[in-house]
Amino acid sequence: MHDIGLKMNRVEIAVSCFTEGFNCAQAIFSTYGEKMGLDREISLRVSGAFGGGMGRMGEVCGAVTGALMVIGLKYGKTKAEDEETKEKCYALVKEFVSKFKDRNGSILCRELLGYDMNTPEGLELIKKENLFSTRCPKFVRDSAEIIEQILE
């Protein structure tokens with residue numbers, strides 16, 4: 001029971017981090033990076049460029065790239081010859097992406113939001129429709145919930 005509460009707490013921490021003003025990648029990576037011993041400020045800096053589908057380009061959702069960084073932090077290989085570890089890491093990346101797509105239909109920011117924020121018109125519509133506040137917290141929550149499953 002305590003472990004389930006802790007997991008839900010981390011999910012809520014990630015969502016809260018996003019709603020407080022950090023980007024989607026920062027919300028995920030800082031929450032789980034800190035759990036694995038990475039300094040919070042460093043994790044916020046490293047993941048800072050990945051929000052909005054990588055620098056607001058509408059590519060892969062930052063909640064996804066943040067999660068992939070978490071997977072790499074925990075399972076990434078550290079020896080060039082360690083192919084087994086690399087294969088495990090890549091399998092977990094594929095598992096994460098599959099689960100995120102099952103929930104949301106895509107991993108691309110512009111598809112998830114329905115507009116391309118890489119254009120002034122798209123960004124204006126996203127802001128006008130308040131999508132950063134209405135849709136993005138769900139993507140952060142989904143990402144955190146899936147990461148909780150994968151880290152088990």
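Residues numbered from 1 in each chain as written. Predicted model: local features only at pLDDT ≥ 70, side-chain atom pairs only at ≥ 80, totals over all residues. Heavy atoms only, no water.

Trainee: Would you mind showing me how to read the pattern of salt bridges here?
Mentor: Where charged atoms from two side chains of opposite charge approach closely, those side chains can pair. Scanning the entire structure with this criterion turns up 10 salt bridges. In this structure, Lys86 engages Glu83 in a salt bridge whose closest nitrogen and oxygen atoms are separated by 3.2 Å. Of this pair, Lys86 and Glu83 both sit in helix H5 (residues 83–104), separated by 3 residues, roughly a single helical turn. Residue classification places Lys86 among the partly exposed residues on the basis of a relative accessible area of 24%. Residue Asp142 pairs with Lys138 through a salt bridge whose shortest N-O separation is 2.4 Å. In this pair, Asp142 and Lys138 are both assigned in helix H9 (residues 136–151), 4 residues apart and thus about one turn of the helix distant. Bridged by salt links that share partners, the residues Arg103, Lys138, Asp142 and Glu145 form one connected network. (Salt bridge = Lys/Arg side-chain N within 4 Å of Asp/Glu carboxyl O. Helix = DSSP H or I, 4+ residues; strand = E, 2+ residues; numbered from the N terminus. Buried < 20%, exposed > 50% of the residue type's maximum accessible area, 1.4 Å probe, protein only.)

Trainee: Sorry if this is basic, but what is going on with the nonpolar core here?
Mentor: The tendency in soluble globular proteins is for nonpolar side chains to be buried side by side. Among the nonpolar cores identified, the biggest contains 40 residues, and Ile28, Phe96, Phe100 and Val140 are the most heavily contacted of them. At the level of secondary structure, the elements contributing two or more residues to this core comprise helix H1 (2–19), helix H2 (24–35), helix H4 (62–75), H5, helix H6 (109–113), helix H7 (120–128) and H9. The greatest single-element share of this core, amounting to 8 residues, is contributed by H9. When neighbours within four sequence positions are excluded, Phe100 is seen to be in contact with Cys61, Val64, Gly105, Ser106, Ile107, Leu112, Phe139, Asp142, Ser143 and Ile146. (Core = buried A, V, L, I, M, F, W, Y, C linked by side-chain atoms within 4.5 Å. Contact = heavy atoms within 4.5 Å.)

Trainee: Explain H5 here, please?
Mentor: Along an α-helix, residues three or four apart share an orientation, since each turn contains 3.6 residues. Counted at 1.5 Å a residue, the expected span for H5 with its 22 residues is 32 Å, and the 31 Å between its end C-alpha atoms agrees. Among all positions in H5, only Cys89, Leu92, Phe96, Val97, Phe100 and Asn104 are buried. All buried residues of H5 fall inside an arc of 135° around its axis, so they share one side. For H5, the exposed residues set more than 90 degrees away from the buried face come down to Glu84, Lys94 and Asp102. Against the buried residues of H5 lie H4, H6 and H9. Of the residues flanking the end of H5, it is Gly105, one or two places downstream, whose phi is positive at about 85°. (Expected span 1.5 Å × (residues − 1). Arc of directions from axis to C-beta.)

Trainee: Before we go on, may I ask you to explain the packing of aromatic side chains in this structure?
Mentor: Any aromatic ring pair is given by two values, namely how distant the centres are and how the planes are angled relative to each other. The final tally for this structure, using the stated rule, is 2 aromatic pairs. Seen from their ring centres, Phe96 and Phe100 are 6.0 Å apart, and the 20° between their planes marks the pair as stacked. Taken together, the residues span about one helical turn, with Phe96 and Phe100 both in helix H5 at a distance of 4 residues. By the burial criterion, Phe96 is buried, and Phe100 matches it. (Phe/Tyr/Trp six-rings, centres within 6.5 Å; stacked < 30°, edge-to-face > 60°.)

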